[in-house]
Amino acid sequence: MKTQSKPVFKELIVPVIVMFAFWGIGILGWSQSGYLQPIVMFGYIGTAIGAGLGLYGILPKLKKPLGRRLTLFLVGAFLIAFTFVGRENSQIEGLLFGLLAGIVQMAVIHYMIAKIFGPILFGRLWCGWACWTVMVLDLLPFKRPNGRLPGKWGWLRYLHFTLSIVLVLVLVLVFGFRDGATGTFAVIWFIIGNLLYYAISITLAFALKDNRAFCKYICPVSVPLKITSRFSLIKIGATGKECNDCGACVKMCPMDVRIPEYINNGQRVLSTECSLCQTCITVCAKDSLKLSFGFDLGGKDLLRERGQMVTSSAPVVGAE
Ligand code: SF4
Ligand code: SF4
Ligand code: SF4
């Protein structure tokens, strides 16, 4: 009995910590504001992420992707519904409108937790487990990308981020526009903005045969995430079991991270492109990878480019 329960217990450590961290944030928000919404929102999201991470940890390899899909749906659908009920704009422009107006609406709190301060603990967990754009993108058939486009295409997201800031500043400071954070117009902005994101991201996925092309080249939200996730305490690390450089993890990584080059160099995966989806852990036949806690500075992006060979030709077990 003991030999079976110990591994299950170990698999549940990170999910439980993440779940309690979210509940803690919700309780803190409630104690500071007096409103129940932070507990409802962060308690629900923490439970959904914890349940998905836990399922991912304990399910057999072939069934593991169910855990992530479940969390993506539970969190993504909830946040969209929450935005409608609260009549807010949760697009990045909604955050900027809120900050300029001094309104601490849920979108502001959401960005602070999921994209600014939270990633110091759990990196880009948002991108692997909770984003409502990827909730749809991950249903598309191009789960095994062929690597990144050569060149500096990733800079498009910085351009997008800058244009979003400039647009909001012009609307507020030049035209005196004040309705971008909450109210009817904010909801319309949110709907149109999301429809545009879905249209562009699905088109790109088919054009480049890569579900995550939008994340890699266009998404403005990845800009703050790439900064704060450098400090993430949770990253992909080594178990100590030898990596034989088979390349299966690289082949399946949706973000094209060259994982073994970090591991075989005695480092954790320091790329700020990692979404902590855990696909690499699942497909590693050598059990060389795990989620780990530690102190190190990310930012070193070793990414596979198109045409770059990976060594594995074996079938990959547990692939999404
Ligand atoms: S990069 Fe953007 S679209 Fe992709 S998962 Fe992250 S937040 Fe969502
Ligand atoms: S390195 Fe692993 S956890 Fe990170 S994105 Fe790639 S497959 Fe997912
Ligand atoms: S799948 Fe495992 S053994 Fe193969 S390269 Fe990746 S970490 Fe190494």
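The preceding data block contains the structure.
Residues numbered from 1 in each chain as written. Chains lettered and ligands numbered in written order. Predicted model: local features only at pLDDT ≥ 70, side-chain atom pairs only at ≥ 80, totals over all residues.

*Asks:* I would appreciate a short explanation of the site of ligand 2 in the present structure.
*Replies:* Around ligand 2 lies a shell of 14 residues, among which Cys253, Cys274, Cys277, Thr279 and Cys280 are the nearest. Broken down by class, the residue content of the shell around ligand 2 amounts to eleven nonpolar, three polar and no charged. (Near = placed C-beta within 6 Å. Nonpolar A, V, L, I, M, F, W, Y, C, P; charged D, E, K, R; others polar.)

*Asks:* Would you mind showing me how to read unusual backbone geometry here?
*Replies:* With the exception of glycine, most residues fall at negative phi, and the peptide bonds are largely trans. Even without being a glycine, Leu276 presents a positive backbone phi close to 55 degrees. Note on placement: Leu276 falls in the loop between helix 15 (259–263) and helix 16 (279–283). With a phi angle near 50 degrees, Asp287 is a residue other than glycine that sits in the positive phi range. Among the structural elements, Asp287 can be located in the loop between helix 16 and strand 2 (289–293). (Helix = DSSP H or I, 4+ residues; strand = E, 2+ residues; numbered from the N terminus.)

*Asks:* Before we go on, may I ask you to explain the site of ligand 3 in this structure?
*Replies:* Around ligand 3 there are 15 residues in total, and Cys243, Cys246, Ala248, Cys249 and Cys284 lie nearest to it. The set of elements that each furnish at least two residues to the shell around ligand 3 consists of helix 14 (248–252) and helix 15. Element by element, the count of residues in the shell around ligand 3 is highest for helix 15, at three residues. When its residues are assigned to classes, the shell around ligand 3 shows ten nonpolar, three polar and two charged.

*Asks:* Where do I start with the nonpolar core in this structure?
*Replies:* Here is a general trend for soluble globular proteins: nonpolar side chains tend to be buried in one another's company. Core analysis: the biggest nonpolar cluster contains 79 residues, and Ile49, Ala130, Cys249, Ile259 and Cys280 have the highest contact counts within it. With eight residues, helix 3 (residues 37–58) is the single largest residue contributor to this core. Look past the residues within four positions of Ala130 in its chain and what remains in contact with it is Ile45, Ile49, Thr71, Leu72, Val75, Gly76 and Ala114. (Core = buried A, V, L, I, M, F, W, Y, C linked by C-beta atoms within 7 Å. Buried ≥ 20, exposed ≤ 12 C-beta atoms within 10 Å, placed from the backbone. Contact = placed C-beta atoms within 7 Å.)

*Asks:* Would you mind going over the pairing of strand 1 (residues 234–238) with me for this structure?
*Replies:* Look at any regular strand and the pattern is simple: side chains alternate between the two faces of the sheet. With respect to burial, strand 1 is a largely interior element, five of its five residues being buried. On strand 1, burial covers both faces: Ile234, Ile236 and Ala238 on one face and Lys235 and Gly237 on the other are all buried. The pairing of strand 1 with strand 2 spans five bridges and is classified as antiparallel. The partner of Lys235 across the bridge, within strand 2, is Ser292. (Pairing = 2+ DSSP bridges.)

*Asks:* Is there a simple way to explain the packing of helix 2 (residues 13–33) against helix 3 in this structure?
*Replies:* Angle between the axes and distance between the axes: these two values describe a pair of packed helices. Contact pair helix 2 / helix 3: the axes reach a minimum separation of 8 Å and the direction vectors enclose 180 degrees. By the angle between their directions, the pair helix 2 and helix 3 is classed as roughly antiparallel. Looking at side-chain class alone, the contact of helix 2 with helix 3 contains 18 nonpolar, nine polar and no charged residues. (Axes fitted to C-alpha atoms, helices over the stretch in contact; angles between N-to-C directions. Parallel < 35°, antiparallel > 145°, perpendicular 65-115°, else oblique.)

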